[in-house]
Amino acid sequence: MAVVYRRRRYHWPELQLNIWILIVLSASAICMGIFAWLMSVQSEMRLGTPWLFPFMVVSGALGIFFIILILILAAQRFLLPGIIILGSFILFVLWLTGLIETSLQLYGVVGNVDDNCQIYVVDNRAGGNNMQTLAWLTQKTICDCWKTAFAFELVNTIFFLWMMILSWQVNRDVYD
């Protein structure tokens, strides 16, 4: 008697998967770039580097690596929901941790980057062709980078949660 093995096929919603890949790849790259730049600013100013900066650089790199892995698995028709659920859960926890720490630094009682930006940058606008204006523009860029990083961390956190739910649905053949 011959035993025949059938490989189970998973049906992924292509549009949702492609949108997810594009947004997570973009958000991961943006956050990785912002925090790498903030690390170089800290280094140039001879200040210590907060743990959040290298943590988010690594989280961004892991997000990009995960997307590349998904693309490779999809090309080989081996995109298994279990792999995606596990990877998305790990990245969800990492991005949620970064989001919490960024929000504490940006809006918290101790760090409060947002209030400092309002007091020292937004309310003290500089103009003209001089070093003071260049310094103000750099400070404004740093403030805007914090807010951008927070927004994209929130997006990635939500999207990794969404991918866990989507993978669970694919595993249950909801999209069949």
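Source: prediction; values computed, not measured.

Draft legend 1. A nonpolar patch on the surface, seen in detail. Nonpolar side chains collect at one region of the surface, where Leu86, Phe89, Ile90 and Val93 lie side by side and expose about 360 Å² of accessible area between them. Relative to the helices and strands, Val93 is located in helix H3 (residues 81–107).

Draft legend 2. Spatial organisation of the pattern of salt bridges. According to the stated counting rule, one finds two salt bridges in the structure shown. In this structure, Asp114 engages Lys147 in a salt bridge whose closest nitrogen and oxygen atoms are separated by 3.4 Å. Placement of the pair is Asp114 in helix H4 (residues 113–120) and Lys147 in helix H5 (residues 131–171), with a sequence separation of 33 residues. On the basis of relative accessibility, which here comes to 36%, the residue Lys147 falls in the partly exposed class.

Draft legend 3. Spatial organisation of the packing of helix H1 (residues 14–44) against H5. It is the contact of H1 with H5, at a shortest axis distance of 9 Å, that shows an interaxial angle of 145 degrees. Classified by chirality, the crossing of H5 by H1 is left-handed. Split by residue class, the contact of H1 with H5 holds 23 nonpolar, five polar and one charged.

Draft legend 4. Summary view of the nonpolar core. The biggest cluster of nonpolar side chains holds 39 residues, and the ones touching the most others in it are Trp20, Phe35 and Phe160. Residue contributions to this core peak at 11 residues, all from H5. Each residue touching Phe35, except ones within four places of it in the same chain, is listed here: Leu52, Phe53, Met56, Val57, Thr102, Ala149 and Glu153.

Draft legend 5. Spotlight on the side chain of Glu153. Mapped onto the elements of the fold, Glu153 is located in helix H5. No salt bridge is formed by the buried Glu153. Its closest oppositely charged neighbour is Lys147, at 15 Å. At 3.1 Å, the side chain of Glu153 and the backbone nitrogen of Leu99 are in polar contact. Leave out the neighbours within four places in its chain, and Glu153 touches Cys31, Phe35, Met56, Trp95, Gly98, Leu99 and Thr102.

Draft legend 6. Structural view of the UniProt feature "transmembrane region" (unreviewed entry) in the chain. According to UniProt, the feature "transmembrane region" (unreviewed entry) maps to residues 20–39, 51–72, 78–97 and 150–170 in the numbering used here. In residues 150–170, helix accounts for 100% and strand for 0%; the two terminal C-alpha atoms are 30 Å from one another.

Cut-offs and rules
- Residues numbered from 1 in each chain as written.
- Predicted model: local features only at pLDDT ≥ 70, side-chain atom pairs only at ≥ 80, totals over all residues.
- Heavy atoms only, no water.
- Patch = residues over 30% accessible without salt bridge, like charges linked within 9 Å, V, L, I, M, F, W, Y side chains within 5 Å.
- Areas by Shrake-Rupley, 256 points an atom, 1.4 Å probe, with all protein chains shown as cover.
- Salt bridge = Lys/Arg side-chain N within 4 Å of Asp/Glu carboxyl O.
- Helix = DSSP H or I, 4+ residues; strand = E, 2+ residues; numbered from the N terminus.
- Buried < 20%, exposed > 50% of the residue type's maximum accessible area, 1.4 Å probe, protein only.
- Axes fitted to C-alpha atoms, helices over the stretch in contact; angles between N-to-C directions.
- Left-handed = near helix turned anticlockwise from the far one by under 90°.
- Nonpolar A, V, L, I, M, F, W, Y, C, P; charged D, E, K, R; others polar.
- Core = buried A, V, L, I, M, F, W, Y, C linked by side-chain atoms within 4.5 Å.
- Contact = heavy atoms within 4.5 Å.
- Lys, Arg positive; Asp, Glu negative; His and termini not counted.
- Polar contact = N/O pair within 3.5 Å; in protein donor to acceptor, adjacent residues only side chain to side chain.
- UniProt positions renumbered as here; feature names shortened; annotations may be inferred.

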